[in-house]
Amino acid sequence: MATVKGEIVVNTERCKGCELCVPVCKEKTIKMSGNLNSKGYHFATSINDDCNGCTNCALVCPDGAITVYRVKLKEEKVN
Amino acid sequence: MNYIPTREEIIADHDNVVYERTCLLTDNPLSYCPGCGHGTAHRLIMEVVEEMNLQADTIGVAPVGCSVLAYDFMNIDMQQAAHGRAPAVATGIKRLMPDKFVFTYQGDGDLAAIGTGETLHACNRGENITIFFVNNGIYGMTGGQMAPTTLPNMKTATSPYGRDVETMGYPLKITELIAMLPGTYFVSRQSVHTPANVRKAKKAIEKAIQYQKLNKGLCFVEIVSNCNSGWKMTPEQSNKWMEENMFPYYPLGDIKVPKEK
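Below, the structure is looked at part by part. Nothing here was measured: the structure is a model prediction, and the numbers come from that model.

Analysis parameters
- Residues numbered from 1 in each chain as written.
- Chains lettered and ligands numbered in written order.
- Predicted model: local features only at pLDDT ≥ 70, side-chain atom pairs only at ≥ 80, totals over all residues.
- Heavy atoms only, no water.
- Contact = heavy atoms within 4.5 Å.
- Buried area = accessible area lost by both parts, 1.4 Å probe.
- Salt bridge = Lys/Arg side-chain N within 4 Å of Asp/Glu carboxyl O.
- Core = buried A, V, L, I, M, F, W, Y, C linked by side-chain atoms within 4.5 Å.
- Buried < 20%, exposed > 50% of the residue type's maximum accessible area, 1.4 Å probe, protein only.
- Helix = DSSP H or I, 4+ residues; strand = E, 2+ residues; numbered from the N terminus.
- Pairing = 2+ DSSP bridges.

To continue, consider the interface of chain A and chain B. Contacts between the two partners involve 35 residues from chain A and, on the opposite side, 36 residues from chain B. Looking only at chain A, the three residues that lose the most surface to chain B are A:R14, A:L59 and A:Y69, adding up to 21% of its buried area. Counting across the chain A and chain B interface gives 1 salt bridge. The partner of B:R7 in a salt bridge is A:E7, and the shortest N-O contact between them spans 2.6 Å.

Take a look at the structure:
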């Protein structure tokens, strides 16, 4: 069971749809949306709950469009 | 069963943020093509300046080229220089204000073509400035013409059959060239196409900024970058092409490091 849970928030207006964040996500959380932003780019979006907040996507994003959140899940004690 | 917070609960608390865009980049949308390494390089430099709390003491010099509008994106004091003359302008700024952190941000057309003289002499004089050099092997802004750093047999708008080294010469390894000069203190070559390389590049930028305080000479960080528009590839393809073709000619790593005492 994962002990951390991450979330990404993509600034959809800033995203230019370069897709560099897709291959670096080991959890396969990021996919390009079918929708367009006002500049006409398909923006990146989070598609599942597997994100662990590793920040790889935010590090390679040239436009700084991704904010990464991470929380530690509390371990439940046995007994 | 453990309680798993929902997405809304996680993003509502700003304490959970582990990575966000630095406040030293302005809200202006970057003028670069999608997937261009310039954006990452801008962000890394500004992140380091923010982490070292130097934003009030930093003066950047913007070049001519794709990054000509760097002063619109970096939320610090910036000066625009004539084409290739950024090291000369930075020399003047640093000599007048030696307490400031002064850096130039230049592309390969600016630094390695029209500004070779300024660059070499600033390095040879050992000016206490930091130069960030983004090398993508092509003139990106003007439409993908051949640059001094273009690889042999690489097709560009002005070398449609590939760069013929017999008539057009060899790619200029300016970073190795200036590393031989005694005026330089720290010379490194990095890239920003994978998370691991981004982390390494950030460390090199940190060193280049820290060493400027020692007044021992010029610090120089080359960032090998892609130009997917100029190379006519997708961002992902261009990064792969860069790994296969650029890195054998421009190997990554520290080229000149200060001797430990």
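That was the structure; now back to the text.
So, about the nonpolar core. A:I66, B:M46, B:F103 and B:F132 are the most contacted members of the largest nonpolar core, which has 50 residues in total. Sort the elements by how many residues they give to this core and helix α9 (residues 195-212) of chain B lands first, with 7 residues. Every residue in contact with B:F132, bar those within four places of it in the chain, is listed here: B:I45, B:F103, B:T104, B:Y105, B:Q106, B:I205, B:A208, B:I209 and B:V221. Core analysis: the second largest hydrophobic core is formed by 21 residues, B:I59, B:I131, B:L181 and B:F220 among them.

Right, let's get into the pairing of strand β4 (residues 101-107) of chain B. Residue and element names in this part refer to chain B. Across the 7 residues of β4, 7 count as buried, placing the element largely inside the fold. Along β4, one buried face is formed by F101, F103, Y105 and G107 and the opposite face, lined by V102, T104 and Q106, is buried too. Bridging between strand β2 (residues 58-62) and β4 involves 4 bridges; their strand directions are parallel. For V61, the partnering residue across the bridge sits in β4 and is T104. Bridge count for β4 against strand β5 (residues 130-135) is 5 bridges, and the pairing is parallel. Its bridge partner being in β5, T104 is matched across the sheet by I131.

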